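The primary structure of each chain is shown beneath.
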Amino acid sequence: MDTTQKTYRFCIEPDAPIATLEAALQVVRRLDIELRALRTTTTPYGMEVQMRLAAPEEDILTLCRMRLHNLIGVLPIREMPTLVVNNVRQAVT
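Predicted model, so just to flag it, every value in this text is computed and none were measured.

Another aspect to go through is helix H2 (residues 58-69). Taking 1.5 Å per residue as the helical rise, H2 with its twelve residues ought to reach 16 Å, and the 17 Å between its terminal C-alpha atoms agrees with that figure. The complete set of buried residues in H2 reads Leu-61, Cys-64 and Leu-68. Along the axis of H2, the buried residues cluster in a sector spanning 55°; they form a single face.

Shown next, in the form of structure tokens:
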């Protein structure tokens, strides 16, 4: 089964970063999205979060981004570019 992957990067305000991160992970779980990677970094201005997600359809990931955007404490979400690797081997003649 083919899946669509996207990486989202956003910051969480410093008021309650763990509770906000838990709410973000609940959004992912409720939409039945596969969490492929999660990276958090503490900064003086809050917590920076990078999530790599996978779902069978791109629309589900778009809905996830919209719901994450509506969480209190989540600052603007950026979609990170995807690295495309071509695995086709060329025949040597």
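Now, onward.
This part is about the sheet that holds strand E4 (residues 78-80). An order of E2-E3-E1-E4 is seen for the four strands of this open sheet, with the pairing classed as antiparallel. The two strands at the open ends of the sheet, each matched to only one other strand, are strand E2 (34-43) and E4. Ignoring which end each strand starts from, the neighbouring axes of this sheet average 20° apart. Pairing analysis gives nine bridges linking strand E1 (residues 4-12) to strand E3 (residues 46-55), with the strands arranged antiparallel. Paired with Thr-4 across the strands is Ala-55, a residue of E3. Lying over the sheet, H2 contacts E1, E3 and E4, oriented at roughly 5° with respect to E1.

Calculation notes
Residues numbered from 1 in each chain as written. Predicted model: local features only at pLDDT ≥ 70, side-chain atom pairs only at ≥ 80, totals over all residues. Heavy atoms only, no water. Helix = DSSP H or I, 4+ residues; strand = E, 2+ residues; numbered from the N terminus. Expected span 1.5 Å × (residues − 1). Buried < 20%, exposed > 50% of the residue type's maximum accessible area, 1.4 Å probe, protein only. Arc of directions from axis to C-beta. Pairing = 2+ DSSP bridges. Axes fitted to C-alpha atoms, helices over the stretch in contact; angles between N-to-C directions. Contact = heavy atoms within 4.5 Å.

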